[in-house]
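For reference, the chains in residue letters:
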Amino acid sequence: MSKFTVQVSTSTFRRELRDFLRLLPEGVVRPAVKKITFDVLFDIVRGITVDAPTRVDTGRYRAGYHVAAQHGGLPGSAALPSASTSRAGDGSMRFTGEGLEYTAEVINHVEYALLVEDGTARMRPGNHVKRALAAARADVVAMTAELRKNLAGAFGGQ
Amino acid sequence: MATHATAKMRNVRASLYTWLSGLTVTGSPSLVVQDQLRDGQDSPDLFMRMTIESLPGAFEGRFSSSLVAVKQQILMVVDVFSRTPADQASSNLYTIDAAADDLAYQMTLMSIAVTDYATDDTGATTTAARLRNLEAPTVRVLPPPDGYVRRQIQAPITWHSRLAA
């Protein structure tokens, strides 16, 4: 007959948990925000290019997101389409916040950007940004639900 | 194999169009759908344009021995337009805001039956699926670049479609 004893040190567990949470923003939150930002930008330019209504003439508005991604040093920015008609300052990106509150701000400065996205009284809106954000939001909600389920399962909950 | 009625965007679009055009909204705006141009472009009356954008669906499981269920989502965007007050002898500046509020209220917790217009153009054939919004719609005030003041109301709509499998 064998016998063993398991001893759990709650103080050690709490310390380890605290260390893990402290590392979370650097190791998880920032890359996650950048990945979601890239996914949204990729979805926007895909929408402008292939989803009705496609809105590409000179490609300058679409390339504004490439300029923004490069400005913000976003990994993978080269995958976003550029254009010879682009001008410096057509897009900008910045990351702000600390810890778990980390925010990406993307601006397309091309002067007719609003008209392409929201249309006019005589032209239907493109809705490329709205659609990409809604899709990303649905993804995040699904991922969060999956994570919650996995964590609950790992700790024996429902 | 025929596409199930709940999976036809034509039915979803027509169901939303019929519902929207039947609402009581301040200013009684006429309805323009997607790419259509409005009749009487220079009319001072309010009008609204509905656009629908498809979002990725998610497989949910089997519905029956021959059908699977898919959670579908779309983004419904309604733009309300009114000529800028400078173009008119007199106007009520609050009418467009009241119209936007009416629409946002009606779109909150909306639940509309998906009607099978592909089978019957009169809309007499309903399906068990319902178009629902479980969130408060957002209302944006957009700048008037082309002689119209404008409010934009948007909400995500979900429903459960069925696919043969």
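Before any of the text, the structure's been laid out above.
Residues numbered from 1 in each chain as written. Chains lettered and ligands numbered in written order. Predicted model: local features only at pLDDT ≥ 70, side-chain atom pairs only at ≥ 80, totals over all residues.

## Quick look at the overall build of chain A
Inclusion rule: Here a strand is any run of E in DSSP of at least two residues, a helix any run of H or I of at least four, and the numbering for each starts at the N terminus. The atom set for the radius of gyration is the C-alpha atoms, and the globule formula is 2.2 Å times the number of residues raised to the power 0.38. Neighbour counting defines burial: a residue surrounded by 20 or more other C-beta atoms within 10 Å of its own C-beta is buried, one with 12 or fewer is exposed, and intermediate counts give partly exposed, using backbone-placed C-beta atoms.
A tally of helices and strands in chain A yields four helices and two strands. Rg of the C-alpha trace for chain A: 22 Å, well past the compact-globule value of 15 Å for 158 residues, more than 25% over. Summarising its shape, the C-alpha atoms of chain A cover approximately 80 × 30 × 25 Å along the three principal directions. Every one of the 158 residues in chain A was classed for burial, and the buried ones make up 26%.

## Some thoughts on the overall build of chain B
Filter applied, for reference: Whether two residues are in contact depends on their C-beta atoms, placed from the backbone: they are in contact if these lie within 7 Å.
Summing up its helical and strand segments, chain B has two helices and seven strands in all. Starting at the N terminus and ending at the C terminus, chain B contains elements arranged as α-β-β-β-α-β-β-β-β. The principal-axis extent of the C-alpha atoms belonging to chain B is close to 65 × 30 × 25 Å. When burial is assessed residue by residue, chain B has 33% of its 165 residues classed as buried. Considering only contacts in chain B between residues 6 or more positions apart, those separated by 24 or more positions represent 64%.

## Details of helix α2 (residues 95-107) of chain B
All names here are of chain B. The criterion, for reference: By this rule the span expected of a helix is its residue count minus one, scaled by 1.5 Å. Directions pointing from the helix axis toward each C-beta atom define the arc.
With 13 residues, α2 should cover 18 Å at 1.5 Å per step; its first-to-last C-alpha distance of 18 Å lies within 8% of that length. Every buried residue of α2 is listed here: I96, A99, A100, L103 and M107. The arc that holds every buried residue of α2, seen down its axis, measures 100°, which confines them to one face. In this fold, the buried residues of α2 make contact with β3 (67-83), β6 (138-142) and β7 (148-164). Count one or two residues on from α2 and you reach L109, which has phi positive near 55°.

## Some points on helix α1 (residues 10-50) of chain A
All names here are of chain A. Definition in use: Given a residue, its bend is the angle between the two axes fitted to the seven residues that end at it and to the seven that start from it.
Roughly 50° is the biggest bend found in α1, and it falls at L24, with proline P25 one to four residues downstream. Listing the buried residues of α1 in full gives T37, L41, D43, I44, V45, G47 and I48. Against α2 (60-71), β2 (101-108) and α4 (128-154) lie the buried residues of α1.

## Looking at the interface of chain B and chain A
Counted only if it meets this: Three classes are used: nonpolar for Ala, Val, Leu, Ile, Met, Phe, Trp, Tyr, Cys and Pro, charged for Asp, Glu, Lys and Arg, and polar for all others, with Gly counted as polar.
Contacts between the two partners involve 21 residues from chain B, matched on the other side by 14 residues from chain A. With six residues, the single largest contributor to the side of chain B that touches chain A is strand β2 (residues 47-62) of chain B. Looking at the side of chain B that touches chain A residue by residue, the classes come out as 11 nonpolar, five polar and five charged.

## Re unusual backbone geometry
Non-glycine residue A:N127 carries a positive phi angle of around 60°. Tracing the chain through its elements places A:N127 in the loop between α3 (113-118) and α4.

## What about the pairing of β7(B)?
Residue and element names in this part refer to chain B. The condition is simple: A pair of strands is treated as paired once DSSP finds two or more bridges between them.
Of all the 17 residues making up β7, 12 are buried; the element is thus mostly covered by neighbouring parts of the structure. Bridge count between β3 and β7: 17 bridges; the pairing is antiparallel. For L67, the partnering residue across the bridge sits in β7 and is A164. Looking at chain direction, β6 and β7 are connected through five bridges and run antiparallel. Counted as the bridge partner of R140 is Q152 from β7. Counting the residues in the hairpin turn of β6 and β7 gives five residues, including G147, whose phi is positive at 85°.

## Re the nonpolar core
Basically, it comes down to this: As used throughout, a nonpolar core is a set of buried Ala, Val, Leu, Ile, Met, Phe, Trp, Tyr and Cys residues joined through C-beta atoms within 7 Å of each other.
Counting 48 residues, the largest nonpolar core has B:V78, B:V80 and B:L103 as the members making the most contacts within it. Excluding residues that lie within four positions of it along the chain, B:L103 makes contacts with B:V25, B:V78, B:V80 and B:I153.

## Concerning the packing of α1(A) against α2(A)
Residues and elements named next belong to chain A. Quick reminder of the rule: Axis angles are defined between N-to-C directions and span 0 to 180 degrees, where every axis is a line fitted to C-alpha atoms and, for a helix, only to the segment in contact. Here is the rule for angles: anything less than 35 degrees is roughly parallel, anything more than 145 is roughly antiparallel, 65 through 115 is roughly perpendicular, and the remaining ranges are oblique. Note: crossing handedness is left-handed where the near helix turns anticlockwise from the far helix by less than a right angle, and right-handed where it turns clockwise.
Remark: α1 packs on α2, axes separated minimally by 9 Å, with the N-to-C direction vectors making an angle of 165°. In this view, α1 runs roughly antiparallel relative to α2, as classed from their interaxial angle. Here α1 runs over α2; the crossing is left-handed. From α1, L41, I44, V45, I48 and T49 reach across to α2, where they touch R62, Y65 and A69. When grouped by side-chain class, the residues that make up the contact of α1 with α2 number six nonpolar, one polar and one charged.

## Overview of the packing of α1(A) against α4(A)
All names here are of chain A. With their axes 8 Å apart at the nearest point, α1 and α4 run at an angle of 140° to one another. With respect to α4, the element α1 is oriented oblique. For the crossing formed where α1 meets α4, the hand is right-handed. Counting all contacts with α1, which are made through I36, D39, V40, D43, I44, G47 and I48, the residues of α4 involved are H128, V129, R131, A132, L133, A135, A136 and V140. Here the contact of α1 with α4 is composed, by residue class, of 10 nonpolar, two polar and three charged.

Nothing here speaks to function; it is all geometry.
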